[in-house]
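Now for the letters of each chain:
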Amino acid sequence: MKAPGSDTRPADRSRPAPGDEAPPGTPGTGEDICPECDGTGRRDGRRCENCAGTGKIIRGIGGA
Ligand SMILES: [Zn+2]
């Protein structure tokens with residue numbers, strides 16, 4: 001029973017989220033609060049796709 005377009009899976013950090021600027025662990029990057037969901041990992045009662053529900057994205061932090 002799964003409504004089309006309703007993604008309620010838990011946070012998934014096993015693969016890059018759409019909002020990531022680089023894969024996790026990439027030198028010169030770090031976690032940042034997801035701007036789409038303000039770190040909640042959820043939008044409109046559904047998992048935030050930008051951060052895959054983690055509330056965080058990987059962002060370049062400079063210095064590279
Ligand atoms: Zn998000």
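Scroll up for the structure.
In this report, the structure presented in the accompanying data block is examined.

Reading guide: rules and limits
Residues numbered from 1 in each chain as written. Predicted model: local features only at pLDDT ≥ 70, side-chain atom pairs only at ≥ 80, totals over all residues. Helix = DSSP H or I, 4+ residues; strand = E, 2+ residues; numbered from the N terminus. Buried ≥ 20, exposed ≤ 12 C-beta atoms within 10 Å, placed from the backbone. Contact = placed C-beta atoms within 7 Å.

Here we come to the overall build of the protein. Each helix and strand counted, the protein has zero helices and four strands in total. For the protein, the sequential pattern of α-helices and β-strands runs β-β-β-β. Within the protein, buried positions represent 22% of all 64 residues. Of the contacts made within the protein by residues no fewer than 6 positions apart, 57% connect residues no fewer than 24 positions apart.

Glancing now at the environment of Lys56. Counting through the fold element by element, Lys56 comes out in strand β4 (residues 56–60). Between the alpha carbons of Lys56 and Thr40 there is a distance of 8.5 Å; along the sequence they are 16 residues apart. The residues touching Lys56, leaving out its near neighbours within four places in the chain, are Glu31, Asp32, Ile33, Cys34, Gly39 and Cys51.

The residue Arg43 is located in strand β2 (residues 42–43) in this model. Sequence spacing of Arg43 and Gly53 is ten residues, and the spatial spacing of their C-alpha atoms is 8.9 Å. If we ignore the near neighbours within four places in the chain, the residues touching Arg43 are Glu36, Cys37 and Cys48.

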